[in-house]
Amino acid sequence: MRVSSVYPVVPPPGAQTGSPAAAPPLFDAFSQDAFTRARARSVPVFVLIGEISSAFHDPSLSLHLRERTIPVHLPPGMRPDVELLCQRAGALFSGEGALPLCALMTEDALPFLAAPLPPPGYPLDPARLYVWLSQADRRFMQNHAACIGQAGEVIRSFRADPLSRAYSPKDASHDLSRALLAIEDRQNGGFGNVKAPLVCALRFLQHAAGRSDKAAHAAIGRALDAMLASALHDPLDGAFFRSTLTADWRAFVPEKPLAINALLAPILLDSGRRSEAVRLLDTLISAFPLEGGGLSPALRAPLSAYAFTPEQVCAAIGSENGLRACRLLGLLRQHAKAPPDLTPSRFSPVPQASYAPRRSRSMDSPALTPTLAPSLTPEDAAFLRRIMPALLRARAAREPQRPLPHVLTEHAALCAAVLAQCGKRLGEPRYIQAAQRALTFLISQTPAAGAAPLPGSFIPISPLLAQATCGASAALALAELTLGQSENMEEYAHSGLRLLGAALHAFVRPDGVVMHTAKDPAAIFPRVPAVYDGELPSPAALLVSALRIAHQMRPQMGYDAAIETIWEAAAPAAHAQPIACASLIDAMNA
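Since this is a predicted model, take the numbers as computed values, not measurements. (Residues numbered from 1 in each chain as written. Predicted model: local features only at pLDDT ≥ 70, side-chain atom pairs only at ≥ 80, totals over all residues. Heavy atoms only, no water.)

A. The arrangement of the pattern of salt bridges in detail. With the rule as written, the count across this model stands at 23 salt bridges. Among the salt bridges present, the one from Asp81 reaches Arg79, with a minimum N-O distance of 2.7 Å. The structure contains a network of salt bridges with shared partners spanning Glu51, Arg242, Glu255, Arg300 and Glu535. (Salt bridge = Lys/Arg side-chain N within 4 Å of Asp/Glu carboxyl O.)

B. Fine view of the packing of aromatic side chains. According to the stated counting rule, one finds 13 aromatic pairs in the structure shown. Seen from their ring centres, Phe35 and Phe525 are 5.5 Å apart, and the 75° between their planes marks the pair as edge-to-face. Separated by 490 residues along the polypeptide, Phe35 in helix H1 (residues 32-41) and Phe525 in the loop between helix H17 (490-507) and helix H18 (539-553) bring together distant segments of the chain. Pair check on accessibility: Phe35 and Phe525 agree, each one buried. Both rings, one in Tyr167 and one in Trp567, keep their centres 6.4 Å apart while their planes meet at 15°; by these two values the pair is stacked. Highlighted residues: Tyr167 in the loop between helix H5 (144-156) and helix H6 (169-182) and Trp567 in helix H19 (residues 559-576), separated in sequence by 400 residues. A relative accessible area of 8% means that Tyr167 is categorised as buried. In this structure, Arg88 is placed above the aromatic ring of Tyr532, and the distance from its NZ or CZ to the ring centre is 5.1 Å. One Lys or Arg, Arg398, reaches over the ring of Phe308 and ends 4.2 Å from the middle of that ring. (Phe/Tyr/Trp six-rings, centres within 6.5 Å; stacked < 30°, edge-to-face > 60°. Helix = DSSP H or I, 4+ residues; strand = E, 2+ residues; numbered from the N terminus. Buried < 20%, exposed > 50% of the residue type's maximum accessible area, 1.4 Å probe, protein only. Lys NZ or Arg CZ within 6 Å of the ring centre and 35° of its normal.)

C. Structural context of the side chain of Thr69. Mapped onto the elements of the fold, Thr69 is located in the loop between helix H2 (59-68) and strand S3 (70-74). What makes Thr69 buried here is its relative accessible area of 3%. Those residues within four positions of Thr69 in sequence are excluded, and the remaining contacts are Arg41, Val43, Pro44, Phe46, His64 and Leu104. (Contact = heavy atoms within 4.5 Å.)

D. Structural view of empty space enclosed by the protein. Tallying each qualifying case throughout the model produces four cavities of 30 Å³ or more. Its boundaries defined by the atoms lining it, the largest cavity holds a volume of some 50 Å³. Lining the largest cavity we find Gly190, Phe191, Ala196, Pro197, Leu198, Leu202, Ala223, Met227 and Trp249. Counted as a void, the second largest cavity has a volume near 40 Å³. Sort the elements by how many residues they give to the lining of the second largest cavity and helix H4 (residues 126-142) lands first, with four residues. When the residues that make up the lining of the second largest cavity are grouped by side-chain class, the tally is six nonpolar, two polar and one charged. (1 Å grid on protein atoms, 1.4 Å probe; cavity = no way out; pocket = protein on both sides within 12 Å on 5 of 7 lines; lining within 4 Å. Points joined across faces, edges and corners; volume = space filled by probe spheres on them. Nonpolar A, V, L, I, M, F, W, Y, C, P; charged D, E, K, R; others polar.)

E. Broad picture of the nonpolar core. With 176 residues, the main nonpolar core has Phe56 and Leu500 as its most contacted residues. A per-element tally of this core places helix H14 (residues 409-426) first, with 11 residues. Once residues within four sequence positions are removed from consideration, Phe56 is found in contact with Leu26, Phe27, Phe46, Leu48, Leu61, Ser62, Leu65, Leu124 and Leu129. Core analysis: the second largest hydrophobic core is formed by 18 residues, Val313, Ile317, Leu331 and Leu332 among them. (Core = buried A, V, L, I, M, F, W, Y, C linked by side-chain atoms within 4.5 Å.)

F. Structural view of unusual backbone geometry. Here the residue pair Leu99 and Pro100 is connected by a cis peptide bond, since its omega of -5° sits within 30 degrees of zero. In this fold, Pro100 is placed in the loop between helix H3 (80-93) and strand S4 (101-105). Cis geometry marks the peptide bond from Ile459 to Pro460; its omega dihedral reads -5°. Following the sequence through the fold, Pro460 ends up in the loop between strand S10 (458-459) and helix H16 (470-484). Even without a glycine there, the phi angle at Ala109 is positive, about 65°. Owing to a relative accessible area of 1%, Ala109 belongs among the buried residues under this scheme. Unusually for a residue other than glycine, Asn488 sits at a positive phi of about 65°.

G. View of the layout of surface pockets. Taken as a whole, the second largest pocket spans an internal volume of roughly 1500 Å³. Together, 37 residues line the second largest pocket, and Arg250, Ala336, Lys337, Leu368 and Thr369 are the ones closest to its centre. Among the elements of the structure, helix H8 (214-228) and helix H12 (319-328) are those that each provide at least two residues to the lining of the second largest pocket. Tallied by class, residues from the lining of the second largest pocket come to 22 nonpolar, eight polar and seven charged.

H. Here's a closer look at the packing of H16 against H18. The geometry of H16 relative to H18 is characterised by a closest axis approach of 8 Å and an angle of 30° between their N-to-C directions. Compared by their axis directions, H16 and H18 come out roughly parallel. The handedness of the crossing between H16 and H18 comes out as left-handed. Residues Cys470, Gly471, Ala474, Ala475, Leu478, Leu481, Thr482 and Gly484 of H16 lie in contact with H18, whose contacting residues are Pro539, Leu542, Leu543, Ser545, Ala546, Ile549, Ala550 and Met553. Its residues assigned to classes, the contact of H16 with H18 shows 12 nonpolar, four polar and no charged. (Axes fitted to C-alpha atoms, helices over the stretch in contact; angles between N-to-C directions. Parallel < 35°, antiparallel > 145°, perpendicular 65-115°, else oblique. Left-handed = near helix turned anticlockwise from the far one by under 90°.)

Structure below.
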């Protein structure tokens, strides 16, 4: 029996529905069976991490995938360790490692080549992907040993040289501050060129600012101001998109991730932006819940769903109010910049040659994305709060934001932890109740197969493919312990302590190195350290944060010794790549 026949309880993210029953699926599940068949056929495994675009049904591309590779689909978030391996391969050999991506792996489950795909909302050119695959296939067949050597370099890149002297968390904090300030974009705010809400760096800078670091205080202020006044921020509901594709925070990816938005809420709250934080929290508890109590990992909609023309705004709220709203939301065309001409990925369609546009009426002009003005008077802010519900109703009449139909344990647990924390700080029971509902759903799920009752990373999924990951266990333990600090919530604290103990036993090696997956002698997939951040804090950082709460509850249990052991093992990686280990450094200095 093929593994794909028992794979999803619901279709994987991005899968096509309504295809003829006789047509076999192009992609199988990511499993050991795929690599066994790759070894028998002497072909690489093509791994797609992201949405299955309709472009993959192009006849030439689909034929090449079936005949020259074993194509498998891995939903984002299900195997963070594999995502990390593939991203590292992309960064090493193509200079690109952003998700979503595709990768070619050897029969031993090691990636030797990877490249990012266009983000959600942007088209994929099957011809360009076909050419890339053909060139990679030629290299694989002619020099298989070189591909294996590249795959070995990916594994070796996770090994940091041992330190010649003690390296304290305070030393790491100093190095990280210097590294972040060195790559700060002083002109546009934020860090790097492709702007994204780097929550790990922002959390560290916020805590550093709390320790009287004036440079960190200025840097996080510039970053948050730029984010709130850019296309990254949706001013109508207060949520943030996944990323923008230009250095000046424009051309956003039309996807709102749950965990990133959740982690931004306490950052906004601690930076004095209470109203923005409350709007964001309200969106988390109203737009992301699924039937049964779970939380969707993201909301998606077409790019056009978020855009308005001045005429549409005036039709929704009246001409006088509409013109004022357009001025405050950057929807007046005479003040708007030309839309950027960009290619999000090497596999994006080649842009057509642009010609001088003919003079057209304003009604024929493309819509604009609302953005807040950099500075608002109290009167303007009150006016926007008053008219936002009408604009939201006008947008709801279009294709609505669609929550993804599955649950990622790590993302939902991080959101629950934030809701419990912010609910306690703000004195808002509705946030604490939302955290309870999310945790009740996660705790009620069948644990992944293994020696310990650890949560699976992806819900729902076949029990044969459920995978326990350190990120899922650490985030769930952190959420339970955070909620357990509230009055009359002791049962959550007891459950969190039990899960934390099981996670330490399963994912932390005797030398203190935290791993993404539990030790499994039968597994073909290599184990990699879980100390590096992605979009979210690393599993090692989540473990340290949970251990700190556990130490406050039961100081006699030696949780502080576990924190020190984890740091000693991770210190070489933090010294070599401080930005990649920002959340762990921040957790150690909290």
